[in-house]
Amino acid sequence: MSRRTPTLKGLRAFEEVYILGNFTRAADALNVQQPAISYQIKQLEEDLGTRLFLRKNSKLEPTPPAHDLFHSVSRAFDGIRETSARIRRADQKQVWTIATYAGVAAHWVSPRLPALSKHLNVRTKVVTLVTDADLFREEANCWIAFGDGYWPGFEARLLIRERVFPVASPSVARQILKLKDRVETGGVPFIELEDTEHRWLDWQSWLGASSENWNFLDNRIIVNDHGMALHLALAGSGIALGWHGVLQGHLNAGSLVQLSQYEATSSSGYWLLGRKGFFQSEEGQKIYDALAPETD
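Worth saying up front: this structure is predicted, and the values here are computed from it rather than measured. (Residues numbered from 1 in each chain as written. Predicted model: local features only at pLDDT ≥ 70, side-chain atom pairs only at ≥ 80, totals over all residues. Heavy atoms only, no water.)

Participant: Please explain the overall build of the protein chain as it appears in this structure.
Facilitator: Along the protein chain, the regular secondary structure elements total 12 helices and 11 strands. With the principal axes as the frame, the protein chain shows a C-alpha extent of 80 × 50 × 30 Å. Counting over 296 residues, the protein chain shows a buried share of 43%. Look at the contacts in the protein chain between residues 6 or more apart in sequence, and 76% of them connect residues 24 or more apart. Here the protein chain holds 33 positive side-chain charges and 34 negative ones, and the gap between their average locations is 5 Å. (Helix = DSSP H or I, 4+ residues; strand = E, 2+ residues; numbered from the N terminus. Buried < 20%, exposed > 50% of the residue type's maximum accessible area, 1.4 Å probe, protein only. Contact = heavy atoms within 4.5 Å. Lys, Arg positive; Asp, Glu negative; His and termini not counted. Charge placed at Lys NZ, Arg CZ, Asp CG, Glu CD.)

And the structure:
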């Protein structure tokens, strides 16, 4: 029986493609060109004598042999990562790293950090990134990511279900709510999130779920990050779509006002992710308890 081991480059390329489901995203994660990933996967398939990925309706799907290979590869790489992390912090006070998006970090995680650091009895580090490829490239202890709850190689627990509604600062809210007919919004700009992958609910989604008849003018401010959208709303620069749960502190304090009772919802949301066994560990349970949503 052959003891020949596939190349490390090929296995790393395979792991990223399996997790991200896309050659281009895997290339971004490994900081190489897309043809390099295609070549590594092709060489690995030739070495193993089987197909690892198939395209169905323009979607990349792992084959049964790929599932078997990922189980072994992820365990091996997780062991290497865990050992490397232990060596790096051997002479240092432990730092627990959470990787997420800037908006979630600022409006959801930050109010909970003091209690989290106290219960963990370690320094807590929050790293913010924009794309999922960058997010999962980060060497973190856990991640908060947006999606449907399924990430190969990760355990996930829901923190916030996607429920959005329009919000504005008190001064902007008074300007809008005093209008008897809100078909016009007094020229106040709508803050729009640029989402080329159509992952998040947008203004059209909210309009479709509501009975409001707002006139969306061309007066818009476009940003590529939820955190910036909420920052602009807090500054009185326009109307943004806000997340239930994320903004509860701002709504309770009166720094933001909910402009409509109608909400748009989806089956997606923000999830706390960890490697296998994370939620069975003492640290993982403490982190989830500190970040878990309050019942309403």
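Participant: How do you make sense of the packing of aromatic side chains when you look at a structure like this?
Facilitator: Two numbers describe a pair of aromatic rings. These are the distance of the centres and the angle of the planes. This structure, assessed with the given rule, holds 15 aromatic pairs. When the centroid spacing of 4.0 Å and the interplanar angle of 10° are considered together, the rings of Tyr 18 and Phe 70 count as stacked. Of this pair, Tyr 18 sits in helix 1 (residues 8–20) while Phe 70 sits in helix 4 (residues 64–88); the two residues are 52 residues apart in sequence, bridging distant segments of the chain. Since its relative accessible area comes to 6%, Phe 70 is described here as buried. One aromatic cluster is present, built from ring pairs that chain together Tyr 101, Phe 146, Trp 200, Trp 243 and Tyr 270. The lysine or arginine in question, Arg 55, covers the ring of Phe 23, its NZ or CZ lying 6.0 Å from the ring centre. Residue placement shows Arg 199 over the ring face of Trp 200; its charged tip is 4.9 Å from the ring centre. (Phe/Tyr/Trp six-rings, centres within 6.5 Å; stacked < 30°, edge-to-face > 60°. Lys NZ or Arg CZ within 6 Å of the ring centre and 35° of its normal.)

Participant: Explanation requested: helix 12 (residues 282–291) in the structure shown.
Facilitator: The periodicity of an α-helix, 3.6 residues per turn, causes residues three or four positions apart to be oriented the same way. Turning to helix 12, its buried residues are Gly 284, Ile 287, Tyr 288, Ala 290 and Leu 291. Buried residues of helix 12, viewed axially, fall in a sector of 165°; they line one side. Lining the buried residues of helix 12 we find strand 3 (95–100), helix 5 (102–109), helix 6 (113–120), strand 5 (142–147), strand 6 (155–168) and strand 11 (264–274). (Arc of directions from axis to C-beta.)

Participant: What is the right way to read the environment of Gly 254 from this model?
Facilitator: Along the polypeptide, Gly 254 turns up in the loop between helix 11 (248–253) and strand 10 (257–258). Since its relative accessible area comes to 35%, Gly 254 is described here as partly exposed. For the pair formed by Gly 254 and Pro 170, sequence separation is 84 residues and the distance between their alpha carbons is 7.2 Å.

Participant: What am I meant to see in empty space enclosed by the protein here?
Facilitator: Where empty space is left can be seen by rolling a probe of water-molecule size over the atoms. As enumerated under the stated definition, the model contains one cavity of 30 Å³ or more in all. A volume near 50 Å³ is recorded for the largest cavity. Every element with two or more residues in the lining of the largest cavity is listed here: helix 5 and helix 10 (226–234). For the lining of the largest cavity, a count of residues per class yields five nonpolar, two polar and no charged. (1 Å grid on protein atoms, 1.4 Å probe; cavity = no way out; pocket = protein on both sides within 12 Å on 5 of 7 lines; lining within 4 Å. Points joined across faces, edges and corners; volume = space filled by probe spheres on them. Nonpolar A, V, L, I, M, F, W, Y, C, P; charged D, E, K, R; others polar.)

Participant: I keep staring at the environment of Gln 280 and nothing clicks. Help me out?
Facilitator: Within the secondary structure, Gln 280 sits in the loop between strand 11 and helix 12. The exposed category is assigned to Gln 280, whose relative accessible area is 60%.

Participant: Quick question: what am I supposed to make of the nonpolar core here?
Facilitator: Generally speaking, a soluble globular protein has its nonpolar side chains buried in company with each other. Formed by 87 residues in total, the largest nonpolar core has its most connected members in Phe 14, Phe 136, Ile 144, Ile 239, Tyr 270, Leu 272 and Ile 287. In terms of residue count, the dominant contributor to this core is helix 1 (seven residues). Other than its neighbours up to four places away in sequence, Ile 287 contacts Trp 96, Leu 116, Leu 120, Cys 142, Leu 272 and Phe 278. (Core = buried A, V, L, I, M, F, W, Y, C linked by side-chain atoms within 4.5 Å.)

Participant: Is there a simple way to think about the environment of Ala 145 in this case?
Facilitator: Relative to the helices and strands, Ala 145 resides in strand 5. On a C-alpha basis, the gap between Ala 145 and Thr 131 in space is 9.7 Å, while along the polypeptide they are 14 residues apart.

Participant: It is not clear to me how the pairing of strand 11 should be interpreted in this structure. Could you clarify?
Facilitator: For a regular strand, side chains alternate in direction, first toward one face of the sheet and then toward the other. Counting buried residues along strand 11, eight of its 11 residues qualify, which places the element largely inside the surrounding structure. As paired strands, strand 5 and strand 11 are joined by five bridges and run antiparallel to one another. Looking across to strand 11, one finds that Ala 145 is bridged to Trp 271. The pairing of strand 6 with strand 11 spans eight bridges and is antiparallel. By the bridge assignment, Arg 163 is partnered in strand 11 with Thr 265. (Pairing = 2+ DSSP bridges.)

Participant: Quick question: what am I supposed to make of the pairing of strand 9 (residues 240–243) here?
Facilitator: Of the two faces of strand 9, the one lined by Ala 240 and Gly 242 and the one lined by Leu 241 and Trp 243 are each fully buried. The sheet contact formed by strand 6 and strand 9 spans four bridges and is antiparallel. Counterpart to Pro 166 in the pairing with strand 9 is Leu 241.

Participant: Which parts of the structure should I look at to understand the packing of helix 1 against helix 2 (residues 23–30)?
Facilitator: Between two packed helices, what matters for the description is the angle formed by their axes and the separation of those axes. Packing of helix 1 against helix 2 brings their axes to within 8 Å, and their N-to-C directions diverge by 125°. Put simply, helix 1 runs oblique to helix 2. The hand of the helix 1/helix 2 crossing is right-handed. Contact with helix 1, carried on its side by Arg 12, Ala 13, Glu 16, Val 17 and Leu 20, involves Phe 23, Arg 25, Ala 26, Ala 29 and Leu 30 of helix 2 and no other residues of that element. Residues of the contact of helix 1 with helix 2, tallied by class, amount to seven nonpolar, no polar and three charged. (Axes fitted to C-alpha atoms, helices over the stretch in contact; angles between N-to-C directions. Parallel < 35°, antiparallel > 145°, perpendicular 65-115°, else oblique. Left-handed = near helix turned anticlockwise from the far one by under 90°.)

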